[in-house]
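One letter stands for each residue in the lines below.
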Amino acid sequence: MDEKDEDLDAFDPNIPEEGPSAPPPGWLDDVHGYQGHKGGEEDNPLYPPPPAYNPQPELNRNTLVPNVRVPTISEDVARDALLKFVESKWRYSSKPARNLTFKELKPITVYRYRLETYTETRTSAWQFEPYNGQMVDGPQYGMSPPPWDIPVSMPQRYTDMLEKVRVPHSSFVKLCHKCNGCGRTRCTACSGRGQKRCLTCHGSGYRRRPRNHKRSSGKTRCSSCSGRGQKRCISCHGHGYKTCSVCHGSQNLLHFIQLTVTWKNDIADFIPDRQPDFPDKKFERVTGDPFFIDESLLVYPIQGFPDQEICDASTKLINEHLNRFSSTSRILQQRQTIELVPLTHAYYTYNGKDYSFFVYGMENKVFASKYPSACTIL
């Protein structure tokens, strides 16, 4: 035997083929209170909170909102806002903005209603890690507490966050499902033989001499495999097996249930669409003046506000959030706000022609569908 072949292991039928990367269905026992698991990688049951965890709205409760005045801007503020807008557009000249004549600054009342519902959701999934003698917190220490009885530290309100917690007393040790407790698996690249057919000579050990060679015909030994027709498998270094990728050779796995707690702030906004010439999407990038803030475990629909659309939106969104979240999540807090979003329609003339633009938001942003002069660079 060639010296290079001596360290190539012979095929060992006792080394198993690779099993599934996740435990197959039925591999794991049920844990009381966590029976929703069927097995598999996509298994992640959701646990609705018990009724005692979610507040119930009271009947005939409403919230009153104070009146608010509409802000106005001066011609100087409108002109400065337009000049900043023009500076951001390299094709626009600042001359019209400096020399225009205002005809009217028309303030428009725009209210933005926002509802925030801060929720907590709990799901669980089986997890495992190689077992190397670490402590096993199993059923012998007691029954696993229900998902909603496991204590966790709540983050700052209205902050999105995710935390993973190991469920107490849910751990146990089993043979690795991927290697059947062998610690290693058969190499799939060489089918456990440690060698693969040489691709250069297709396993013959010889190659044809090129026609322009000194000798007119015949074969020459393949230099790639030294005439053996086979080469050491690179994937397993010639052993025919690999260390198990799941248990890393430890042969056993520690299984446990991992609880995933998700805190999320769900936000719904509403602005009445009353300006056909102004795109409502622009409001998403600016702030307003929050003159009304109502925060409680549950908020109640707004009533008696001058803008009836805001009242209707408040009722609709509050009911939607309650129906959407109370069956799957725990509602921790709600907050509703009404902002007055500044919007002024500025009418002006330049060179005898009429134009207009909008100034909007506390930031005095500008939207102008047309502008008197645009420089053309050839």
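Residues numbered from 1 in each chain as written. Predicted model: local features only at pLDDT ≥ 70, side-chain atom pairs only at ≥ 80, totals over all residues. Heavy atoms only, no water.

Asker: Which parts of the structure should I look at to understand helix α1 (residues 75–87)?
Answerer: Since one α-helical turn is 3.6 residues long, residues separated by three or four positions face the same way. Relative to the 18 Å expected for 13 residues at 1.5 Å per residue, α1 spans 18 Å between its end C-alpha atoms, a close match to the ideal helical length. What α1 keeps buried is the set Ala-78, Ala-81, Leu-82, Leu-83, Phe-85 and Val-86. Packing partners of the buried residues in α1 comprise α2 (95–99), β2 (101–107), β17 (353–360) and β18 (365–367). (Helix = DSSP H or I, 4+ residues; strand = E, 2+ residues; numbered from the N terminus. Expected span 1.5 Å × (residues − 1). Buried < 20%, exposed > 50% of the residue type's maximum accessible area, 1.4 Å probe, protein only. Contact = heavy atoms within 4.5 Å.)

Asker: Help me understand the side chain of Thr-344 in this model?
Answerer: Tracing the sequence through the fold places Thr-344 in strand β16 (residues 343–350). Given a relative accessible area of 4%, Thr-344 falls into the buried group. Setting aside residues up to four positions removed in sequence, Thr-344 forms contacts with Ile-73, Leu-105, Lys-106, Pro-107, Phe-357, Phe-358 and Val-359.

Asker: I would appreciate a short explanation of the pairing of strand β15 (residues 330–340) in the present structure.
Answerer: Each regular strand displays side chains that alternate between the two surfaces of the sheet. The buried count for β15 comes to 9 of 11 residues, which makes it a mostly enclosed element. Here strand β3 (residues 111–130) runs beside β15; their pairing, made up of 10 bridges, is antiparallel. Bridging across to β15, Arg-114 finds its partner in Thr-337. As paired strands, strand β13 (residues 289–296) and β15 are joined by 7 bridges and run antiparallel to one another. Each bridged residue has a counterpart across the sheet, and for Ile-293 the counterpart in β15 is Thr-337. (Pairing = 2+ DSSP bridges.)

Asker: For this particular structure, what's the right way to read the sheet that holds β2?
Answerer: Sheets are built from strands paired through backbone hydrogen bonds, the pairs being either parallel or antiparallel. In space, the 4 strands of this open sheet follow the order β2-β16-β17-β18, with antiparallel pairing throughout. Because the sheet does not close on itself, it has two edges, and the strands there are β2 and β18. Each adjacent strand pair in this sheet contributes to an overall mean axis angle of 25°, direction not counted. Contacting β2, β17 and β18, α1 runs over the sheet at an angle of about 100° to β2. (Axes fitted to C-alpha atoms, helices over the stretch in contact; angles between N-to-C directions.)

Asker: What is the right way to read the environment of Asp-289 from this model?
Answerer: Note that Asp-289 resides in strand β13. Taking the relative accessible area as the measure of exposure, Asp-289 reaches 36% and is therefore partly exposed. For the pair Asp-289 and Val-173, spaced 116 residues apart in sequence, the C-alpha separation works out to 59 Å. Asp-289 has contacts with Ile-338, Glu-339, Leu-340 and Met-362, leaving out every residue within four places of it along the chain.

Asker: What am I meant to see in the pattern of salt bridges here?
Answerer: Any two side chains of opposite charge can pair if their charged atoms end up close together. Here the structure, examined in full by the defined rule, presents 13 salt bridges. Across the pair Glu-17 and Arg-186 runs a salt bridge whose closest N-O atoms are separated by 3.5 Å. With Glu-17 in the segment before β1 (63–64) and Arg-186 in strand β6 (residues 184–186), the pair connects residues that are 169 residues apart, well separated along the chain. Exposure remark for Glu-17: the relative accessible area of 58% places this residue in the exposed category. Under the relative-accessibility criterion, Arg-186 is labelled buried at 17%. In this structure, the salt-bridge partner of Lys-103 is Asp-354, at a minimum N-O distance of 3.5 Å. Of this pair, Lys-103 sits in strand β2 while Asp-354 is found in strand β17, placing the two residues 251 residues apart along the sequence. Residue Lys-103 is classed as exposed on the basis of its relative accessible area, which comes to 53%. (Salt bridge = Lys/Arg side-chain N within 4 Å of Asp/Glu carboxyl O.)

Asker: Hey, could you run me through a positive patch on the surface in this one?
Answerer: A surface patch of like charges, here positive, comprises Lys-89, Lys-282, Arg-285 and Lys-365. Looking at the element boundaries, Lys-89 is found in the loop between α1 and α2. Taking relative accessible area as the criterion, Lys-89 reaches 37% and is therefore assigned partly exposed. (Patch = residues over 30% accessible without salt bridge, like charges linked within 9 Å, V, L, I, M, F, W, Y side chains within 5 Å. Areas by Shrake-Rupley, 256 points an atom, 1.4 Å probe, with all protein chains shown as cover. Lys, Arg positive; Asp, Glu negative; His and termini not counted. Charge placed at Lys NZ, Arg CZ, Asp CG, Glu CD.)

Asker: How should I be thinking about the pairing of β17 in this particular structure?
Answerer: Two strands pair when backbone bridges link them, and β16 and β17 are joined in this way by 8 bridges, in the antiparallel orientation. Across the sheet, residue Thr-349 finds its bridge partner in β17, namely Asp-354. Linkage of β16 to β17, two consecutive antiparallel strands, is achieved through a turn of 2 residues, within which Asn-351 is found at a positive phi near 55°. Direction of pairing for β17 relative to β18: antiparallel, over a ladder of 3 bridges. The residue of β18 that forms the bridge with Val-359 is Val-366. Linking β17 back to β18 in an antiparallel pair, the connection comprises 4 residues, with Gly-361 at a positive phi of about 80°.

Asker: Help me understand the packing of aromatic side chains in this model?
Answerer: Two descriptors summarise a pair of aromatic rings, namely the distance from one centre to the other and the angle between the planes of the rings. The tally for this structure, following the rule as stated, stands at 18 aromatic pairs. Here a set of aromatic residues connected by ring pairs shows up, and it is made of Phe-278, Phe-283, Phe-358, Tyr-360 and Phe-367. The ring of Tyr-158 carries Arg-335 above its face, with NZ or CZ at 4.0 Å from the centroid. (Phe/Tyr/Trp six-rings, centres within 6.5 Å; stacked < 30°, edge-to-face > 60°. Lys NZ or Arg CZ within 6 Å of the ring centre and 35° of its normal.)

Keep in mind these numbers describe shape, not what the thing actually does.
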